[in-house]
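Each chain, written out:
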Amino acid sequence: MFSKPANKPTPTPPKSATPEPVVAPAVASPLDAPKPRPKVASLISSGITIEGGVTGDGELQIDGIVRGDVRVGRLTVGETGHIEGSVYAEAAEVRGRIVGSVTAKQVRLYGTSYIDGDITHEQLAMETGAFFQGRSLKFQRPAAPPPAPAPQPTPVSNPAPGGLDMPKPTN
């Protein structure tokens, strides 16, 4: 009554030439997302001379010589570092030499620093022994401009023929 069929092969589904694609989950968790890598400071080492400007938004350490303007996010001038040109940065730490103006929100001059030029800053710190010849100019955050008054309509009196206002003759 209930008997097994005698050695009948079971049918297998046909294999296709292309493998089945693996489907990734639709929602990835924020923990699985790659984390941004911290930016590594660039270095101009001692013995290197750059003729021309250096620009970027990262961090730069100068232990060599730069003859040109330096415009970076954060600048460190080492004891052997030398800049002949203007400096523009968010923050500047100087242990070496700058001949030119410095513009940064935060400026720190260590005891071995030599600055010959104006410094424009929000915060300035100087250690004993730092040499600075120039002007110290503090940036002032611009005050919010007062709101502009609403424009007043100007009255038109005695329009001349053709719609133009003509001055009245004086006798």
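Given the structure is predicted, the values throughout are model-derived calculations rather than measurements.

Engineer: In this structure, what is going on with the overall build of the protein? I would like to understand it.
Structural biologist: The secondary structure content of the protein amounts to zero helices and 16 strands. Residue burial in the protein is summarised as follows: out of 171 residues, 24% are buried. The long-range fraction of contacts in the protein, counting pairs at least 24 apart against all pairs at least 6 apart in sequence, stands at 2%. As displayed, the protein offers around 13300 Å² of accessible surface, 58% of which is attributable to carbon and sulfur atoms.

Engineer: What is the right way to read the environment of A41 from this model?
Structural biologist: Along the chain, the position of A41 falls in the segment before β1 (42-44). Each C-alpha atom, one on A41 and one on T76, is 9.6 Å from the other, the two residues being 35 residues apart in sequence.

Engineer: Where do I start with the environment of G100 in this structure?
Structural biologist: Tracing the backbone through its elements, the reader meets G100 in the loop between β10 (97-99) and β11 (102-109). Taking relative accessible area as the criterion, G100 reaches 17% and is therefore assigned buried. Expressed as a C-alpha distance, the spacing of G100 and S86, which sit 14 residues apart in the sequence, is 5.0 Å. Sequence-distant contacts of G100, defined by excluding residues within four places in its chain, comprise G85, D116, G117 and D118.

Engineer: Looking at this structure, how should I read the environment of G85?
Structural biologist: Here G85 lies in the loop between β8 (82-84) and β9 (87-94). On a C-alpha basis, the gap between G85 and G117 in space is 9.6 Å, while along the polypeptide they are 32 residues apart. Every residue in contact with G85, bar those within four places of it in the chain, is listed here: G68, D69, I98, V99, G100 and S101.

Engineer: Please explain the packing of aromatic side chains as it appears in this structure.
Structural biologist: Working definition: an aromatic ring pair is given by the centre-to-centre distance plus the angle between the planes. Under the defined criterion, the tally for this structure stands at one aromatic pair. When the ring of Y114 is compared with that of F131, the centres are 4.6 Å apart and the planes differ by 10°; the resulting orientation is stacked. Of this pair, Y114 sits in strand β12 (residues 114-116) while F131 is found in strand β15 (residues 131-133), placing the two residues 17 residues apart along the sequence. One Lys or Arg, R71, reaches over the ring of Y88 and ends 4.1 Å from the middle of that ring.

Engineer: Help me out: how do you make sense of the pairing of strand β7 (residues 74-77) in this one?
Structural biologist: Bridge count for strand β4 (residues 59-62) against β7 is four bridges, and the pairing is parallel. Within β7, the position partnered with I62 by the bridge is V77. Strand direction decides the pairing type here: β7 and β9, joined by four bridges, are parallel. Counterpart to R74 in the pairing with β9 is A91.

Engineer: Just checking my understanding: could you explain the side chain of H82 for this structure?
Structural biologist: Within the secondary structure, H82 sits in strand β8. Taking the relative accessible area as the measure of exposure, H82 reaches 16% and is therefore buried.

Engineer: Help me understand the sheet that holds strand β2 (residues 49-51), please; the structure alone is not making it clear to me.
Structural biologist: Sheet strands pair via backbone hydrogen bonds, and the direction of the pair is either parallel or antiparallel. Here we have six strands laid out as an open sheet, ordered β2-β5-β8-β10-β12-β15, and parallel in their pairing. The open sheet has two free edges, formed respectively by β2 and β15, since each of these has just one partner strand. Going from strand to strand, the sheet's axes swing by 5° on average, the running direction of each strand aside. As defined by bridge partners, β8 adjoins β10 across three bridges and the pair is classed as parallel. By the bridge assignment for β10, H82 is matched with R97.

Engineer: I keep staring at the pattern of salt bridges and nothing clicks. Help me out?
Structural biologist: A side chain with one charge can pair with a side chain of the opposite charge if their charged atoms come near. Within the structure shown, the criterion is met by seven salt bridges. E51 is the partner of R67 in a salt bridge, and the nearest nitrogen-oxygen pair spans 2.9 Å. Taken as a pair, R67 in strand β5 (residues 65-67) and E51 in strand β2 lie far apart in primary sequence, 16 residues in all. According to the relative accessible area criterion, R67 is partly exposed, its value standing at 35%. Accessibility expressed as a relative area gives 61% for E51, which makes it exposed. The partner of R67 in a salt bridge is E84, and the shortest N-O contact between them spans 3.6 Å. Here E84 lies in strand β8 and R67 lies in strand β5, a separation of 17 residues in the sequence.

Cut-offs applied
Residues numbered from 1 in each chain as written. Predicted model: local features only at pLDDT ≥ 70, side-chain atom pairs only at ≥ 80, totals over all residues. Heavy atoms only, no water. Helix = DSSP H or I, 4+ residues; strand = E, 2+ residues; numbered from the N terminus. Buried < 20%, exposed > 50% of the residue type's maximum accessible area, 1.4 Å probe, protein only. Contact = heavy atoms within 4.5 Å. Areas by Shrake-Rupley, 256 points an atom, 1.4 Å probe, with all protein chains shown as cover. Phe/Tyr/Trp six-rings, centres within 6.5 Å; stacked < 30°, edge-to-face > 60°. Lys NZ or Arg CZ within 6 Å of the ring centre and 35° of its normal. Pairing = 2+ DSSP bridges. Axes fitted to C-alpha atoms, helices over the stretch in contact; angles between N-to-C directions. Salt bridge = Lys/Arg side-chain N within 4 Å of Asp/Glu carboxyl O.

So yeah, pure geometry; function would need other evidence.
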